[in-house]
Amino acid sequence: MLRSLIYSLALASTCLATEITFDWNIGWVTAAPDGVYRQVIGINGQWPLPTIEGTVGDTVTIRVTNNLGSQSTGLHFHGINQVDSQVMDGPSGVTQCPIPPGSQFVYSFTLDAPGAYWYHSHNGGQYPDGLRGPLIVHDPHDPYKGQYDDEILMTTSDWYHTPVPDLIKTMLDTSNTKFLPPIPNSILLNDINQGKMYFKCGKTYKIRFINMGAFASVFFHLQGHTMQVIEIDGSYVQKAPASSIRVAPAQRYTVLVTALPTQDKNYAFVAVADINRDFADEKAQNVYPMNITGFIVYEDSKAYPLPYTVGKFTPVLDSELSALSTDVLLPAPTKPIELNFKFGIDGQGIPRTFFNNITYVPQKVPSLFTAFSAGVQNANPTIYGAVNPFVAHRSDIVQIVINNLDAAIHPFHLHGHQFQVIATGHSGSGAYNGDTSHFSSNPPRRDTVTVNANSYAVLRFKADNPGVWLFHCHIEWHVIMGLIATIIEIPEELRGKAIPESHQKACDVQKIPTKGNAAGNVNNLLDLTGANTKPKLPNEGAIFVPGCSQTNSCSKKFKVRDNSRFKRSRVAQRIPVGIDEYIAV
């Protein structure tokens, strides 16, 4: 009887679910969100990009056509755990090959958990050129249902006037001995350079903040109003008051805000880009040159407030949050992973980022496809090459300790999981010393955590989602510089899985191997002869060069017919380079 009831409930849930389908043509469009015209990556001729919106249990299917001409592409659905759909996670070289120009590709996955998420290109640092948008999953069983009257979505991002491939070229140069990333030109709110929120007296609003930026964290403060944090990165937390929040790249905060009982005036809110190395360092000369004063509008006919400043930001901290449902601390780890992060210069004189003195190098075979095809050897991390691999088996309690040895704050993201944030150190507290006495008994979960300067974070999750999942800094420029580790999770359940047709075609057209070890060797998986051991140079991001993308030797086989197009300024109007401009030599 019980089994019958459970089956009936599951069937009812399936019947209520919806299939949401999109046909997306990804191509270049002209936009000027901050007043400066440039070419950006749009969808179906439009930018800003559409919001993916659904309900828990819905299936999303997206048929993508790459019409960029000059660039490959791909999509990652940030925060979606891809349970039973690990091949849809989206990072190029990991769960798929890049989608070449002119090709079609299909993503299909289930919205398995409620919350605020987003999607973005995970290919060659591409998304700061505009290929990113919000993804909202509604909860039929929202524990805060009835406590708010309306919903507001507020995305933020930094914004660059120079195309990503040019920014990468400048950053990955031997002269960049201070490891400087590209600094943005402005910040955006909902992809424009202003913001408004309309309030009615006495109403309560559920506001979702999503940072889709590549570098800058953003502080939010609402004049005369208190925020109550209820969700972070798709995980509910107990209500926590906040005068301000600091939303790092890739993070999401959902808050409740109750409007004032009278509408005597309109109020300001501020969004301030934090481009400082460590805002908490009071000895530093912190600056905030990029900020927007937005408006909380009660009555349009009343005057809008003057630009508003905040003397000092005191954002709510992860350590001040607790999971809404009792989420007891996971037991002692069976799979400890320690990652020590620092900058350095590689053997080619190029500035890089390192975990444990290793910089990530994409391999010839996407790592997930190695896990699919390597049989019993897929549990051997060696066969995956220089991707900083760690293997976890089913039910392992994985503990990741990140020691940030840098003098700046960094956000770190895990694909495939929301982890427990069980400890974080204050700026300057040094590497983790093993002390467990201050661990939270009811830790919050999230998928992107900020690690303070010269400090640490301790994270835990249970290995229950088979896949190949990246763990990386979500400052996109540091991803390009190599700050990535790879979790090979439950490899025994990945053996023999099939590659979807569109995934296979994308690889075949570029002659990228899809079987064997990192080098594509199917006969002796321990023979890594031919595997990539150095990051490719020059690195032109997502620029597509046919025929050599899998060899890391494009610069040796191809050249650009008109180099002057790369040398002159393309800040305001950039005509994308077409694939017909590449010729063999």
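Predicted, not measured: the structure shown is a model, and the values here were computed from it.

(A) Broad picture of the overall build of the chain. Along the backbone of the chain there are 7 helices and 32 strands. Overall size of the chain, expressed as C-alpha extent along the three principal axes, is 70 × 70 × 50 Å. Looking at the 585 residues of the chain, the share that counts as buried comes to 59%. Restricting to contacts in the chain with at least 6 residues of sequence separation, those with at least 24 account for 79%.

(B) The arrangement of the sheet that holds strand β7 (residues 115-120) in detail. Strand order in the open sheet formed by 4 strands is β3-β8-β7-β5, with mixed pairing between adjacent strands. Lying at the two open borders of the sheet, with one neighbouring strand each, are β3 (52-55) and β5 (76-78). Neighbour-to-neighbour, the strand axes of the sheet open up by a mean angle of 25°, direction not taken into account. As defined by bridge partners, β7 adjoins strand β8 (residues 132-138) across 6 bridges and the pair is classed as antiparallel. Within β8, the position partnered with Gly 115 by the bridge is Val 137.

(C) Just the sheet that holds strand β30 (residues 484-489), in detail. With respect to topology, 5 strands assemble into an open sheet ordered β22-β30-β29-β24-β27, the strand pairing being mixed. Only two strands of the sheet have a single neighbouring strand rather than two, namely β22 (389-392) and β27 (448-451). Pairs of neighbouring strands in the sheet enclose a mean axial angle of 20°, with direction left out of account. Alignment of strand β29 (residues 467-473) against β30, held across 6 bridges, turns out to be antiparallel. Within the sheet, the bridge partner assigned to Phe 471 lies in β30 and is Ala 485.

(D) Focus on the state of the cysteines. One pass over the structure, following the stated rule, counts 1 disulfide. Sulfur-sulfur distance for the disulfide between Cys 97 and Cys 507 comes to 2.0 Å. The chirality of the disulfide connecting Cys 97 with Cys 507 is right-handed, given an S-S dihedral of about 100°. Separated by 410 residues along the polypeptide, Cys 97 in the loop between β5 and β6 (104-110) and Cys 507 in helix α5 (residues 501-508) bring together distant segments of the chain. Taken as a pair, Cys 97 and Cys 507 share a single burial class, namely buried.

(E) Expanded view of the side chain of Arg 352. Note that Arg 352 resides in strand β21 (residues 351-355). Separated by 2.9 Å, the side chains of Arg 352 and Asp 346 make a polar contact. With near-sequence residues (within four places) excluded, Arg 352 lies in contact with Leu 172, Phe 179, Lys 342, Phe 343, Gly 344, Asp 346, Thr 359, Ile 480, Met 481, Pro 535, Lys 536 and Leu 537.

(F) Local environment of α5. Within α5, the full set of buried residues consists of Ser 502, His 503, Ala 506 and Cys 507. Looking down the long axis of α5, one finds its buried residues gathered within 140° of arc, a one-sided arrangement. For α5, the exposed residues set more than 90 degrees away from the buried face come down to Glu 501 and Lys 505. Summarising the contacts, the buried residues of α5 are in contact with β6 and α3 (367-373).

(G) Summary view of the pairing of strand β14 (residues 227-232). Most of β14 sits inside the fold, with 5 of its 6 residues counted as buried. Inspection of the sheet shows β14 paired to strand β15 (residues 235-242) by 5 bridges, in the antiparallel sense. Following the sheet pairing, Glu 231 is matched in β15 by Tyr 236. Linking two consecutive strands that pair antiparallel, namely β14 and β15, is a turn of 2 residues; a positive phi of about 50° is found at Asp 233 within it.

(H) Looking closely at the packing of aromatic side chains. Scanning the entire structure with this criterion turns up 27 aromatic pairs. Look at Phe 22 and Trp 24: their rings are 5.3 Å apart centre to centre, the planes differ by 50°, and that puts the pair in the tilted class. Each member of the pair, Phe 22 as well as Trp 24, carries the same accessibility label: buried. Summarising the aromatic geometry, the rings of Phe 341 and Phe 343 are spaced 5.3 Å apart at their centres and angled 65° between planes, so their arrangement reads as edge-to-face. Judged on exposure class, the residue Phe 341 and its partner Phe 343 are both buried.

(I) Summary view of helix α2 (residues 164-171). Taken across its 8 residues, α2 has 6 buried, putting it largely inside the fold. Looking only at α2, the buried set comprises Val 164, Pro 165, Asp 166, Leu 167, Ile 168 and Met 171.

(J) Summary view of the environment of Tyr 198. For Tyr 198, the location among the structural elements is in strand β11 (residues 196-198). Here Tyr 198 falls in the partly exposed class, since its relative accessible area comes to 45%. When the C-alpha positions of Tyr 198 and Ala 259 are compared, they lie 9.7 Å apart, and in sequence the two are 61 residues distant. Not counting chain neighbours up to four residues away, the residues in contact with Tyr 198 comprise Tyr 205, Val 297, Asp 300 and Tyr 304.

(K) Inspection of the confidence of the model for the chain at higher detail. Per-residue confidence for the chain averages 91 on the pLDDT scale, and 91% of its residues sit at or above 70. Long-range and interchain partners of residues 1-15, a stretch whose pLDDT sits below 50, account for 0 contacts in this model, where long-range means more than four residues apart. Note on residues 553-585: pLDDT is under 50 here. Beyond four places in sequence and across chains, it has 70 contacts.

Parameters and conventions
- Position numbers for residues count from 1 along each chain, tracking the sequence in the order it is written.
- Under the rules for a predicted model, residues below a pLDDT of 70 receive no local features and side-chain atom pairs below 80 are neither given nor counted, while totals for whole chains, interfaces and linings still include all residues.
- Note that water and hydrogens are dropped before the side-chain values are worked out from all heavy atoms of the structure.
- The way it works is that DSSP assigns letters per residue, a run of H or I at least four long becomes a helix, a run of E at least two long becomes a strand, and they are numbered from the N terminus.
- Relative accessibility thresholds used throughout: buried, under 20% of the residue-type maximum; exposed, over 50%; partly exposed, between the two (1.4 Å probe, protein chains only).
- The criterion used for residue contact is that any of the two residues' heavy atoms lie within 4.5 Å.
- Strand pairing follows a simple DSSP-based rule, namely that at least 2 bridges must link the two strands.
- Convention adopted: a line fitted to C-alpha atoms gives each axis, helices being fitted over their contacting stretch, and angles between N-to-C directions are expressed from 0 to 180 degrees.
- The disulfide criterion is simple: two cysteine sulfur atoms within 2.5 Å.
- Any pair of nitrogen or oxygen atoms within 3.5 Å is treated as a polar contact; in protein, a donor-acceptor pairing is required on top of that, and neighbouring residues in sequence qualify only through side-chain atoms on both sides.
- The directions from the helix axis to the C-beta atoms form the arc being described.
- Paired rings are identified among Phe, Tyr and Trp, the last through its six-membered ring, by centres lying within 6.5 Å, and are further divided according to the angle between planes into stacked (under 30 degrees), edge-to-face (over 60) and tilted (the rest).
- A residue's pLDDT is the confidence the predictor assigns to it, expressed on a 0 to 100 scale.

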